Amino acid sequence: MREEPGLSWARRMLGRLLHLYFRLVRSVTFGVRVAVISEAGEVFLIRHTYVPGWHLPGGGVEVGETVLDALARELQEEACITPTGTPRLHGIYFNRRVSRRDHVALYVVRAFRVDSVKRPDREIAEAGFFPLDDLPEGVTAGTRRRLEEIAKDLPPAADW
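Below or above, wherever it landed, is the structure these notes cover. Starting afresh in each chain, residues are numbered from 1 along the sequence in its written order. Local features are withheld for residues below a pLDDT of 70 in this predicted model, meaning they are given only at 70 or higher, and side-chain atom pairs are given and counted only at 80 or more; totals for whole chains, interfaces and linings count all residues. Only hydrogens and water are removed before side-chain values are computed, so all heavy atoms of the structure are retained for them.

1. Details of the overall build of the protein
Test applied: Numbering of helices and strands runs from the N terminus, with a helix taken as a DSSP run of H or I at least four residues long and a strand as a DSSP run of E at least two residues long. Computation of the radius of gyration draws on C-alpha atoms, with the globule rule given as 2.2 Å multiplied by the number of residues to the power 0.38.
A tally of regular secondary structure across the protein gives three helices and nine strands. What you see in the protein, going N to C, is helices and strands ordered as α-β-β-β-β-α-β-β-β-β-β-α. The globule rule puts the C-alpha radius of gyration for 160 residues at 15 Å, and the 15 Å found for the protein is close to it. For the protein, the spread of C-alpha atoms along the three principal axes comes to 40 × 35 × 25 Å.

Quick look at the structure:
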């Protein structure tokens, strides 16, 4: 694993500890990711402070929360974006690279409002829109595969 600038050992360990914690307290983890795609063919990506690579925004679905509520919450927290139309479910994936219990629902959002420019914070190191045909260096393999499925209108794979 290549170390990214500004990604300290402590932050990488925090990410691993969080995954371990969720493994111990939840029988199954369920998360949501969102491909926010503009009319210009750009996708919104984030780079976390605690794990390497560029990712689609998203996170865990909390107890008592619907998937769409989690989607809206995560988009606001990580991207300062509000969906203005109905998100479209692209697929549900088994994320065995994280654990044997992790599943992710991927939604596509094409109608949205940018409420403000996302500034770096404790969780998000960088964020922004990137052309689908010119993604930044370091986009994770899973994110690349999902964006290819969406761009080429391919059926979702079983695994993230």
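2. A short note on helix 2 (residues 67-79)
Because the α-helix completes a turn every 3.6 residues, residues three or four places apart line up on one side. Rule in force here: A helix's residues, less one, multiplied by 1.5 Å, set its expected span. Buried means the residue's accessible area, taken with a 1.4 Å probe over protein chains only, is under 20% of the maximum for its type, while exposed means over 50%, and partly exposed covers the values in between. By construction, the arc corresponds to the directions joining the helix axis to the C-beta atoms. Note on contacts: a residue pair is in contact if any heavy atoms of the two residues lie within 4.5 Å.
In a regular helix each residue adds 1.5 Å, so 13 residues correspond to 18 Å; helix 2 covers 17 Å between its end C-alpha atoms and thus fits that length. Burial in helix 2 covers these residues: Val 67, Ala 70, Leu 71, Glu 74, Leu 75, Glu 78 and Ala 79. Looking straight down helix 2, one finds its buried side chains confined to an arc of 130°; they lie on one side. Structurally, helix 2 contributes buried residues whose contacts are with strand 1 (29-36), strand 2 (42-48), strand 4 (58-60), strand 5 (81-83), strand 7 (102-109) and strand 9 (124-131). Downstream of helix 2 by one or two residues, Cys 80 has phi in the positive range, about 60°.

3. Some details on the environment of His 55
Rule in force here: Polar contacts here mean pairs of N or O atoms no more than 3.5 Å apart (in protein, one a potential hydrogen donor and the other a potential acceptor; neighbouring residues in sequence count only if both atoms are side-chain atoms).
Topologically, His 55 is positioned in strand 3 (residues 54-55). His 55 gets classed as buried once you look at its relative accessible area, which sits at 12%. Residues His 55 and Pro 87 lie 32 residues apart in sequence; the distance between their C-alpha atoms is 18 Å. Those residues in contact with His 55 that lie beyond four places of it in its chain are Arg 33, Leu 45, Ile 46, His 48, Thr 140 and Thr 143. A distance of 3.1 Å separates a polar side-chain atom of His 55 from the backbone oxygen of Pro 52.

4. Observations regarding the pairing of strand 2
The condition is simple: What makes two strands pair is DSSP finding at least two bridges between them.
Most of strand 2 is tucked away, with six of its seven residues classed as buried. The sheet contact formed by strand 2 and strand 3 spans two bridges and is antiparallel. Bridge pairing links Arg 47 to Trp 54 in strand 3. Linkage of strand 2 to strand 3, two consecutive antiparallel strands, is achieved through a turn of five residues, within which Gly 53 is found at a positive phi near 95°.

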